[in-house]
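# Structural overview for review
Listed below are the residues making up each chain.
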Amino acid sequence: ELKVEQNPLFLSMQEGKNYTIYCNYSTTSDRLYWYRQDPGKSLESLFVLLSNGAVKQEGRLMASLDTKARLSTLHITAAVHDLSATYFCAVDRNSGNTPLVFGKGTRLSVIA
Amino acid sequence: GAGVSQSPSNKVTEKGKDVELRCDPISGHTALYWYRQRLGQGLEFLIYFQGNSAPDKSGLPSDRFSAERTGESVSTLTIQRTQQEDSAVYLCASSSQGALYGYTFGSGTRLTVV
């Protein structure tokens, strides 16, 4: 059974600081996805990582995938308040033939 | 349509009543998924439809839950004899075959059982 673990689950950080969210998973997979969820809203796709070593960047967020270590990271650079949200990673264990398995989410709060 | 559409957006029901939740996926998306999200929690897989294949029902928590999909179109999730523990946001998502670029989620139905 595929398990996906995120840490930390809660993160309070000051504006301007850097931090990394980690996503570990338990079985082999070449596809990993990051989503953002604002309070009371649905999930919005952030990054699609489809191979070992993949790195994607959008604004102050950068995601990477190490399939050998079964680890993805979401790095936040110089945080701003607008990044406050819950971030989920999700892993595809069977090339789209089985449902994504989601981590529990990291609730990020950026404070002044 | 342009996005995944779910209705109703909010539903309050009395314990013991049946409810039906509807999902209209993106046109051309062959796969459709239902997830449940309890307050402050992650996403719990419920059921998955792919084209004309038999659905993957492995996530349904009890036989009170069922879902149908008409071809590659609308899906309904039915919860019979609702219980307070069924209170959650029910999220529907769709994807193209193989889901290479992940899922597109609807806005969800917030179900409250009183």
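Residues numbered from 1 in each chain as written. Chains lettered and ligands numbered in written order. Predicted model: local features only at pLDDT ≥ 70, side-chain atom pairs only at ≥ 80, totals over all residues. Heavy atoms only, no water.

## A closer look at the pairing of strand 4 (residues 31-37) of chain A
All names here are of chain A. With respect to burial, strand 4 is a largely interior element, seven of its seven residues being buried. Alternating residues of strand 4 divide into Arg31, Tyr33, Tyr35 and Gln37 and Leu32, Trp34 and Arg36, and every residue in both groups is buried. Strand direction decides the pairing type here: strand 4 and strand 9 (residues 85-92), joined by seven bridges, are antiparallel. Bridged to Trp34 within strand 9 is Cys89. (Buried < 20%, exposed > 50% of the residue type's maximum accessible area, 1.4 Å probe, protein only. Helix = DSSP H or I, 4+ residues; strand = E, 2+ residues; numbered from the N terminus. Pairing = 2+ DSSP bridges.)

## Examining the packing of aromatic side chains
Scanning the model with the defined rule gives 10 aromatic pairs over all chains in all. Taking the centre distance of 5.6 Å and the plane angle of 90° together, the rings of Tyr35(A) and Phe105(B) count as edge-to-face. With Tyr35(A) in strand 4 and Phe105(B) in strand 9 (residues 104-105), this residue pair bridges two chains. Taken as a pair, Tyr35(A) and Phe105(B) share a single burial class, namely buried. A centroid spacing of 6.0 Å and a plane angle of 75° characterise the contact between Phe102(A) and Phe105(B), whose relative ring orientation is edge-to-face. Here Phe102(A), found in strand 10 (residues 101-102), pairs with Phe105(B), found in strand 9, and the two come from separate chains. Residues Phe102(A) and Phe105(B) agree in their burial class; the two are buried. (Phe/Tyr/Trp six-rings, centres within 6.5 Å; stacked < 30°, edge-to-face > 60°.)

## Observations concerning the layout of surface pockets
Considering only enclosed or pocket space, the largest pocket measures out at about 700 Å³ in volume. Contributing to the lining of the largest pocket are 35 residues, with Gln37(A), Arg107(A), Gln37(B), Leu39(B) and Gly40(B) lying nearest its centre. Residue assignment for the lining of the largest pocket shows that the elements contributing at least two residues are strand 9 and strand 11 (106-111) of chain A together with strand 8 (88-95) and strand 10 (109-113) of chain B. The dominant element in the lining of the largest pocket, judged by the number of residues it contributes, is strand 10 of chain B, at four residues. Taken together, the residues that form the lining of the largest pocket break down as 11 nonpolar, 18 polar and six charged. Considering only enclosed or pocket space, the second largest pocket measures out at about 590 Å³ in volume. As for the second largest pocket, its lining consists of 26 residues, of which Glu1(A), Leu2(A), Val101(A), Phe102(A) and Leu43(B) are closest to the centre. Where the lining of the second largest pocket is concerned, the elements lending two or more residues are strand 1 (4-7) and strand 10 of chain A together with strand 4 (31-37) and strand 5 (44-50) of chain B. Of the residues assigned to the lining of the second largest pocket, the class counts are 10 nonpolar, seven polar and nine charged. (1 Å grid on protein atoms, 1.4 Å probe; cavity = no way out; pocket = protein on both sides within 12 Å on 5 of 7 lines; lining within 4 Å. Points joined across faces, edges and corners; volume = space filled by probe spheres on them. Nonpolar A, V, L, I, M, F, W, Y, C, P; charged D, E, K, R; others polar.)

## A few points about the interface of chain B and chain A
With 21 residues of chain B at the contact, the number on the chain A side is 20 residues. Considering only the side of chain B, the residues that lose the most area to chain A are Leu100(B), Tyr103(B) and Phe105(B), jointly responsible for 29% of the buried surface there. Across the chain B-chain A interface, the total number found is zero salt bridges. The tally of links from chain B across to chain A stands at six residue pairs in polar contact (both at pLDDT 80 or more). The set of elements that each furnish at least two residues to the side of chain B that touches chain A consists of strand 4 and strand 5 of chain B. Element by element, the count of residues in the side of chain B that touches chain A is highest for strand 4 of chain B, at three residues. Its residues assigned to classes, the side of chain B that touches chain A comprises 11 nonpolar, eight polar and two charged. (Contact = heavy atoms within 4.5 Å. Buried area = accessible area lost by both parts, 1.4 Å probe. Salt bridge = Lys/Arg side-chain N within 4 Å of Asp/Glu carboxyl O. Polar contact = N/O pair within 3.5 Å; in protein donor to acceptor, adjacent residues only side chain to side chain.)

## Here we look at the sheet that holds strand 7 (residues 61-66) of chain A
Residue and element names in this part refer to chain A. Strand order in the open sheet made by the five strands is 1-3-8-7-6, with antiparallel pairing throughout. The two strands at the open ends of the sheet, each matched to only one other strand, are strand 1 and strand 6 (55-58). Mean inter-strand twist for the sheet, computed between neighbouring axes without regard to direction, equals 15°. Relative to strand 8 (residues 71-76), strand 7 runs antiparallel, the two sharing six bridges. If you follow Met62 over to strand 8, its bridge partner there is His75. (Axes fitted to C-alpha atoms, helices over the stretch in contact; angles between N-to-C directions.)

## Here's the deal with unusual backbone geometry
Cis geometry is found at the peptide bond from Asn7(A) to Pro8(A), where omega equals 0°. A cis amide bond, omega -10°, links Ser7(B) with the succeeding residue Pro8(B). Here Pro8(B) lies in the loop between strand 1 (5-7) and strand 2 (10-13). Even without being a glycine, Ala78(A) presents a positive backbone phi close to 50°.

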